[in-house]
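# Examining the three-dimensional arrangement
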Amino acid sequence: MILRVAFRKGSAYEEAHHRAIGASEGLSAEEIDAMFEEDHGQLGRRGVMLDVADQIVLTGAVDDETWAKLSGLLSDKECVALVMLVTNYSGLATALSVLGTPVDERR
C-alpha cells in the first residue's frame, strides 16, 4: 500500500525507500512494479485495497461502493489500519515533497 501511495503522490523518496523494503521482504520485481500501473487490473482483496488507497490519495474519501467491498473483505480493525496507513504515508509523502527531501543514496 505504501508503494501505491508513492505512485499516486509521485513521491520518489517513498518509492525508492519502499521498493528496497519490498524486495528485502520477498516481493518480486513484478509485484513491486504492479503498484505503479495506472490500471492495476487486480480483483479480490488486493485490488479493492488498491482502489481504496487510490481514492483516499486522489480524493480524500472512499465511495460507498468501494467501502462496502472493503468492509466485506476486512475486519473493522483492518479497515481502520488501512485508512491510517494510507493517510499517514500520503501526508509523509507530501511533507517530503514540500521539504525537498532528496532520495537517499544507496550505500
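To be clear, the structure that these remarks concern was listed above.
Residues numbered from 1 in each chain as written. Predicted model: local features only at pLDDT ≥ 70, side-chain atom pairs only at ≥ 80, totals over all residues. Heavy atoms only, no water.

Once that is clear, we can look at the pattern of salt bridges. In total, this model carries six salt bridges according to the counting rule given. Here Arg8 ties to Glu38 by a salt bridge, and the two come within 2.9 Å at their closest N and O atoms. Remark: Glu38 occurs in the loop between helix H3 (29-34) and helix H4 (44-59) and Arg8 occurs in helix H1 (residues 2-9); sequence separation between them is 30 residues. Among the ionic pairs, Asp33 bridges to Arg19, the shortest N-O distance being 2.9 Å. Taken as a pair, Asp33 in helix H3 and Arg19 in helix H2 (residues 12-24) lie far apart in primary sequence, 14 residues in all. Residue classification places Arg19 among the partly exposed residues on the basis of a relative accessible area of 26%. (Salt bridge = Lys/Arg side-chain N within 4 Å of Asp/Glu carboxyl O. Helix = DSSP H or I, 4+ residues; strand = E, 2+ residues; numbered from the N terminus. Buried < 20%, exposed > 50% of the residue type's maximum accessible area, 1.4 Å probe, protein only.)

Val5, Val48, Met49, Val52, Ala53, Ile56, Val57, Leu70, Leu74, Cys79, Leu82 and Val86 form the largest nonpolar core, which has 12 residues in total. Looking at this core, the elements with two or more residues in it are H4 and helix H6 (76-99). With six residues, the single largest contributor to this core is H4. Leu3, Ile32, Ala34 and Met35 belong to the second-largest nonpolar core, a separate cluster that totals six residues. (Core = buried A, V, L, I, M, F, W, Y, C linked by side-chain atoms within 4.5 Å.)

Running from N to C, H2 and H6 cross one another at 120°; their axes reach a closest spacing of 8 Å. Compared by their axis directions, H2 and H6 come out oblique. Where H2 approaches H6, its residues Tyr13, Glu14 and His18 are matched on the opposing element by Tyr89, Leu92, Ala93 and Leu96. Split by residue class, the contact of H2 with H6 holds five nonpolar, one polar and one charged. (Axes fitted to C-alpha atoms, helices over the stretch in contact; angles between N-to-C directions. Parallel < 35°, antiparallel > 145°, perpendicular 65-115°, else oblique. Contact = heavy atoms within 4.5 Å. Nonpolar A, V, L, I, M, F, W, Y, C, P; charged D, E, K, R; others polar.)

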